[in-house]
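# Observations on chain architecture
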Amino acid sequence: MEVETFIVWTGLTIVYFLLHLPIEVKMKKEIDVNRLWINEEITQKSGAKYVKQLCEFINEGKPIIIYLNSVGGDVDEGLAIVDLIEHAKSKGIDVTTVGISTSSMASFILFSGSPGHRYAYPSIRIMIHKPYYDDPSGLDKSIERAEINIATDKLIDILNKYGKVKKSDINKFMSKDYYMSATEAKKYKFIDKIGVLC
C-alpha cells in the first residue's frame with residue numbers, strides 16, 4: 001500500500017511540475033524547415049543550382065525559408081525561381097522570403113513569398129528596375145526589344161500580383177533604378193514584416 005501511495009504521489013508531483021513549467025519551455029519545438037541562401041548574382045549557373053535545391057525542398061514538403069542577399073541577375077533564371085515558389089505554395093508549402101540586401105531580380109523573388117511570410121531587414125534598400133539584356137552575341141535589336149518587353153510585362157505582373165500599386169507607381173518603378181526602404185516596401189504590400197529572421 002505504501003509503495004502504491006508513493007507511486008501515486010510521485011506521478012502527481014511530475015504532473016504538477018509539468019503543468020507549471022513556463023509556456024516557452026513547454027512549447028519549445030524545433031521547427032523542421034529547409035533553408036536556401038541566395039547570396040550571389042543569379043546567373044545561369046547559380047540559378048540552376050537554386051532551382052535544383054528548390055525542387056528537392058518541394059519534394060520533401062517541408063516549409064522553406066529563402067534568404068536573399070543578392071544584386072539580382074538573369075531575369076529568366078529569377079523567374080524560374082519565382083515559378084517554383086508559386087508551385088510550392090500551390091502544394092500548401094509555406095515559403096518565407098527574407099530580404100537582407102536585394103536588387104533587381106532578387107527583389108522580385110523577395111516579393112513572391114507566401115502572404116504574411118515576407119520579411120525585410122530594417123536597414124535594407126530594395127531596388128527594382130526595368131530588365132535589360134546585355135547580349136554579346138549581337139542579338140537583333142528588334143528581337144532584343146521584344147524580349148525586354150516580355151520580361152518587363154512579367155515583372156509588372158509580379159508587382160501587381162504581390163503588391164498594392166497604381167499604374168503611376170508601375171511607371172515610377174520601371175522607368176529607372178528605383179530604391180525603397182523596408183517601410184516603403186511594406187506600404188506597397190511587397191513585404192509583410194520588417195525585422196530580422198535568422
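Computed from a predicted structure; not experimentally measured.

## Considering the pattern of salt bridges
Overall, the coordinates contain 8 salt bridges when judged by the stated rule. In this structure, the salt-bridge partner of Lys62 is Asp32, at a minimum N-O distance of 3.3 Å. Here the residue Lys62 occupies a position in the loop between helix H3 (44–60) and strand E2 (64–70), and Asp32 occupies one in the loop between helix H2 (23–26) and strand E1 (34–38), the gap between them amounting to 30 residues. Of the charged contacts in the structure, one is a salt bridge between Glu60 and Lys62, with a shortest N-O distance of 3.8 Å.

## Let's talk about the side chain of Ser46
Take Ser46: it is sitting in helix H3. The exposure class assigned to Ser46 is buried, which follows from its relative accessible area of 6%.

## Some details on unusual backbone geometry
Phi is mostly negative for residues that are not glycine, and the peptide bonds are mostly trans. A positive phi angle, near 55°, is found at Ser104, a position not held by glycine. Structurally, the position occupied by Ser104 is in the loop between strand E3 (95–103) and helix H5 (105–111). One non-glycine residue, Lys189, lies in the positive phi region at around 70°. Take Lys189: it is sitting in the loop between helix H8 (182–187) and strand E7 (193–194).

## Side note on the nonpolar core
Ranked by size, the top nonpolar core spans 46 residues in total, and within it Ile66, Phe111, Leu159, Phe173 and Phe190 carry the most contacts. Ranked by the residues each element gives to this core, the list is headed by helix H4 (residues 75–90), at 7 residues. Not counting the four nearest positions on each side in its chain, Phe111 is found in contact with Arg118, Ile126, Ile128, Leu159, Tyr162 and Phe190. Val33, Ile65, Tyr119 and Tyr121 belong to the second largest nonpolar core, which has 6 residues in total.

## With respect to a negative patch on the surface
Taken together, Glu41, Asp74, Asp76 and Glu147 make up a surface patch of like negative charges. When you line up the elements, Glu41 lands in the loop between E1 and H3.

## Overview of the pairing of E3
Buried residues dominate E3, accounting for 7 of its 9 residues. Note: E2 against E3, 7 bridges, orientation parallel. Paired with Tyr67 across the bridge in E3 is Val98. Since E2 and E3 lie parallel, the crossover through H4 that links them has a hand, and here it is right-handed. Looking at chain direction, E3 and strand E4 (residues 118–120) are connected through 3 bridges and run parallel. By the bridge assignment, Thr97 is partnered in E4 with Arg118. Sheet topology note: the E3/strand E5 (residues 125–128) ladder contains 2 bridges and is parallel. Bridge pairing in E5 links Thr102 to Ile126.

What counts, and where the lines are drawn
Residues numbered from 1 in each chain as written. Predicted model: local features only at pLDDT ≥ 70, side-chain atom pairs only at ≥ 80, totals over all residues. Heavy atoms only, no water. Salt bridge = Lys/Arg side-chain N within 4 Å of Asp/Glu carboxyl O. Helix = DSSP H or I, 4+ residues; strand = E, 2+ residues; numbered from the N terminus. Buried < 20%, exposed > 50% of the residue type's maximum accessible area, 1.4 Å probe, protein only. Core = buried A, V, L, I, M, F, W, Y, C linked by side-chain atoms within 4.5 Å. Contact = heavy atoms within 4.5 Å. Patch = residues over 30% accessible without salt bridge, like charges linked within 9 Å, V, L, I, M, F, W, Y side chains within 5 Å. Areas by Shrake-Rupley, 256 points an atom, 1.4 Å probe, with all protein chains shown as cover. Lys, Arg positive; Asp, Glu negative; His and termini not counted. Charge placed at Lys NZ, Arg CZ, Asp CG, Glu CD. Pairing = 2+ DSSP bridges. Right-handed = clockwise from strand over helix to strand, strands pointing away.

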